[in-house]
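Examination of the molecular architecture
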Amino acid sequence: MFIFHNVTITVPENFTQCTTHGSFVHRWQETLYNMFTFTCLFLLPLIIMIFCYTRILVEISSRMAQNNTLSRDIHLRRSHSNIPKARMRTLKMSIVIVTSFIICWTPYYLLGLWYWLFPEEMEETVSHSLTHMLFIFGLFNACLDPITYGLFTIHFRQGGSHLVVLVNRQGREITAATLKTPQVLSFQ
């Protein structure tokens, strides 16, 4: 609210943008603000992700250890435990999510750090197009997360079968079926 304001450029054509350009009296103020945003938008989310996924893995591992202790004490016939599979799938998913965040956002923020610390050198070396492409590549991370979650939670079966739940107009479930071939269904 206090830092951003509208700036209008007339050459080569009229263009208005909300920006921080011209909001800081001294260069160190802008660098401090940029370091604050770097910390809040990159370092803090990265630390939180690593902490949360590590906590999830520790919880799964402790349940796995608890199940191993139970199975040694009580010899019951029961189905094979899925906890080791869940632990491995969670570990892989965690690594992919954290890695995709790092891969997508690190180039943009490294370029930003270079600009914040050595602006004249960076402006002479790097084109504005590359800066915009790296920012868009960072935003691509938001598209990767749902895909990653889906790939690690949906069980794909051979033959392309899918679980289909049919619902009538009143919102009641009619049937749930596994289809091996595509079918056309119509309801009146």
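Residues numbered from 1 in each chain as written. Predicted model: local features only at pLDDT ≥ 70, side-chain atom pairs only at ≥ 80, totals over all residues. Heavy atoms only, no water.

For the protein chain, an unreviewed UniProt entry supplies the name G-protein coupled receptors family 1 profile domain-containing protein and the organism Ilyodon furcidens.

So, the overall build of the protein chain
Counting its regular elements, the protein chain contains five helices and four strands. Each helix (α) and strand (β) of the protein chain, taken in turn from the N terminus, gives the series β-β-α-α-α-α-α-β-β. Residues classed as buried in the protein chain amount to 23% of the 188 residues present. Long-range contacts, defined as pairs at least 24 residues apart, comprise 46% of the intrachain contacts of the protein chain with a sequence gap of at least 6. (Helix = DSSP H or I, 4+ residues; strand = E, 2+ residues; numbered from the N terminus. Buried < 20%, exposed > 50% of the residue type's maximum accessible area, 1.4 Å probe, protein only. Contact = heavy atoms within 4.5 Å.)

What about the UniProt feature "transmembrane region" (unreviewed entry) in the protein chain?
Using the residue numbers shown here, the UniProt feature "transmembrane region" (unreviewed entry) corresponds to residues 32-54, 95-118 and 130-152. Annotated as residues 95-118, this span is 96% helix and 0% strand, and its ends, taken at the C-alpha atoms, are 33 Å apart. Taken end to end, residues 130-152 is 96% helix and 0% strand, and its two terminal C-alpha atoms sit 32 Å from one another. (UniProt positions renumbered as here; feature names shortened; annotations may be inferred.)

Examining the pattern of salt bridges
Across all of its chains, the model carries one salt bridge by this definition. Note that glutamate 30 and arginine 27 form a salt bridge whose closest N and O atoms lie 3.0 Å from each other. One end of the pair is glutamate 30 and the other is arginine 27, both in helix α1 (residues 27-73) and three residues apart, which spans about a single turn. (Salt bridge = Lys/Arg side-chain N within 4 Å of Asp/Glu carboxyl O.)

A few points about the confidence of the model for the protein chain
Here the protein chain averages 78 in pLDDT, and 73% of its residues register 70 or above. Across the protein chain, element-level confidence peaks in helix α4 (residues 128-139) with a mean pLDDT of 91 and bottoms out in strand β4 (residues 173-179) with 45. Segment residues 157-168: pLDDT under 50, and 28 contacts once partners within four positions in sequence are set aside and those in other chains are kept. Ignoring residues within four places in sequence, the model shows residues 173-188, a span with pLDDT below 50, making 29 contacts including any to other chains. (pLDDT = per-residue confidence, 0-100.)

Remarks on helix α5 (residues 141-153)
Relative to the 18 Å expected for 13 residues at 1.5 Å per residue, α5 spans 19 Å between its end C-alpha atoms, a close match to the ideal helical length. Buried residues of α5: Asn141, Asp145, Thr148, Gly150 and Phe152, and no others. (Expected span 1.5 Å × (residues − 1).)

Quick look at the layout of surface pockets
Of the pockets and cavities examined, the largest pocket occupies roughly 1300 Å³. Around the largest pocket sit 33 residues that line it, and Gln17, Thr19, Thr20, Tyr108 and Tyr115 are the ones nearest its centre. Of the residues that constitute the lining of the largest pocket, the class distribution is 16 nonpolar, 14 polar and three charged. (1 Å grid on protein atoms, 1.4 Å probe; cavity = no way out; pocket = protein on both sides within 12 Å on 5 of 7 lines; lining within 4 Å. Points joined across faces, edges and corners; volume = space filled by probe spheres on them. Nonpolar A, V, L, I, M, F, W, Y, C, P; charged D, E, K, R; others polar.)

Re the packing of aromatic side chains
In total, this model carries eleven aromatic pairs according to the counting rule given. Clustering of aromatic rings is evident, with ring pairs tying together Phe38, Phe42, Phe101, Trp105, Tyr108, Tyr109, Trp116 and Phe135. If you follow arginine 27 out to its NZ or CZ, it ends over the ring of tyrosine 115, 5.4 Å from the centre. (Phe/Tyr/Trp six-rings, centres within 6.5 Å; stacked < 30°, edge-to-face > 60°. Lys NZ or Arg CZ within 6 Å of the ring centre and 35° of its normal.)

What about the side chain of threonine 20?
By the secondary structure assignment, threonine 20 is in the loop between β2 (15-19) and α1. Overall, the relative accessible area of 15% leaves threonine 20 in the buried class. Excluding its chain neighbours within four sequence positions, the residues that come into contact with threonine 20 are Ile3, Phe4, His5 and Tyr33.

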